[in-house]
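Understanding the architecture of this molecule
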Amino acid sequence: MEKQLFTVTVFSENQVGLLNQISIIYTRRGINIESLTVSPSSVEGVHKFTITSWSNRELMEKVVQQIEKRIDVLRAFLYTDDELVYQEVALYKVPTVKLLDETNLEDIIRAHNARILEITREYTVLEKTGHNDETEALFEVLKKYDIRQFVRSGRIAVTKSTQEYFTQFLEDETRRRALGML
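Described in the following lines is the structure provided in the data block.

What counts as what
- Residues numbered from 1 in each chain as written.
- Predicted model: local features only at pLDDT ≥ 70, side-chain atom pairs only at ≥ 80, totals over all residues.
- Heavy atoms only, no water.
- Phe/Tyr/Trp six-rings, centres within 6.5 Å; stacked < 30°, edge-to-face > 60°.
- Helix = DSSP H or I, 4+ residues; strand = E, 2+ residues; numbered from the N terminus.
- Lys NZ or Arg CZ within 6 Å of the ring centre and 35° of its normal.
- Contact = heavy atoms within 4.5 Å.
- Buried < 20%, exposed > 50% of the residue type's maximum accessible area, 1.4 Å probe, protein only.
- Salt bridge = Lys/Arg side-chain N within 4 Å of Asp/Glu carboxyl O.
- Core = buried A, V, L, I, M, F, W, Y, C linked by side-chain atoms within 4.5 Å.

Looking at the packing of aromatic side chains
Taken as a whole and assessed by the stated rule, the structure comprises 4 aromatic pairs. Between Y92 and F150, the ring centres sit 5.1 Å apart and the planes meet at 40°, which makes this aromatic pair tilted. Placement of the pair is Y92 in strand β5 (residues 84-95) and F150 in strand β8 (residues 149-152), with a sequence separation of 58 residues. Ring geometry for F139 and F150: centres 4.6 Å apart, planes at 45°, overall tilted. Note that F139 is positioned in helix α5 (residues 132-142) and F150 in strand β8, a separation of 11 residues in sequence. Taken together, F11, F77 and Y79 form an aromatic cluster joined through their ring pairs. If you follow R155 out to its NZ or CZ, it ends over the ring of Y86, 3.7 Å from the centre.

Okay, structure coming up:
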């Protein structure tokens, strides 16, 4: 089966050890996690994990089922890139003197839609928000300026759906509780 990049979003309570439990599920199936971000979600007290990995749909569906069996997990969802709006953030630290010698620095920054976050005598920090290939393209251009530090965040994503699936899940749970079904 052909591998493709999948994004799993996990909504959970903020409990110690959950990240370890989730990573073990991936490890047992021999799936490498490409990127991982965790942050509070739009629902108070609920955190959102966004995990990307290369695999096939059948295996990833099993991963999602296993994740949902964890006590602290409220719900998990599986997506492909065409179902999401997503971004990454990258920071590049380059010696200022190298940049000052570049005559078309402004063109490079504009062409890559980057921003200058900080300039000191010793270094300049640039920021680029975009997809992985876009942040990587700027990295390749800046290599000749002696990049001192580089870091890229994991993926952050929202669905293209007009409805938030997790919010719908919470509303359904509330209705079931009100009807005494839970």
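Read on, since the account is not over.
What about the environment of T129?
Here T129 is to be found in strand β7 (residues 123-130). The spacing of T129 and S153 is 24 residues in sequence and 9.6 Å in space, taken between C-alpha atoms. With sequence-adjacent residues up to four places away left out, T129 is seen in contact with Q87, E88 and V89.

Observations concerning the environment of K69
Structurally, the position occupied by K69 is in the loop between α2 (57-68) and β4 (73-80). Taking relative accessible area as the criterion, K69 reaches 59% and is therefore assigned exposed. When the C-alpha atoms of K69 and V97 are compared, they prove to be 54 Å apart, with 28 residues separating the residues in sequence.

Concerning the pattern of salt bridges
Think of it this way: side chains of opposite charge can pair up when their charged atoms draw near. Per the stated rule, a full pass over the model turns up 10 salt bridges. The residue D81 makes a salt bridge to R155 at a minimum N-O spacing of 2.7 Å. Here R155 lies in the loop between β8 and β9 (156-159) and D81 lies in the loop between β4 and β5, a separation of 74 residues in the sequence. By relative accessible area, D81 is classed as partly exposed at 27%. Among the salt bridges present, the one from E106 reaches R110, with a minimum N-O distance of 2.7 Å. Residue E106 and its partner R110 are located together in helix α4 (residues 105-111), separated by 4 residues, close to a single helical turn. Salt bridges here are not isolated pairs; linked through shared partners, they connect E88, E136 and R152.

Focus: the nonpolar core
Membership of the largest hydrophobic core comes to 17 residues, with the highest contact counts inside it found for V8, V10, I22, Y26, M60, V63 and I67. Looking at this core, the elements with two or more residues in it are β1 (4-13), α1 (18-28), β3 (46-55), α2 and β4. V10 has contacts with I22, H47, K48, F49, I51, I67, V73, R75 and A76, leaving out every residue within four places of it along the chain. Y92, L105, L138 and I147 belong to the second-largest nonpolar core, a separate cluster that totals 14 residues.

This is a description of form; function is not addressed.
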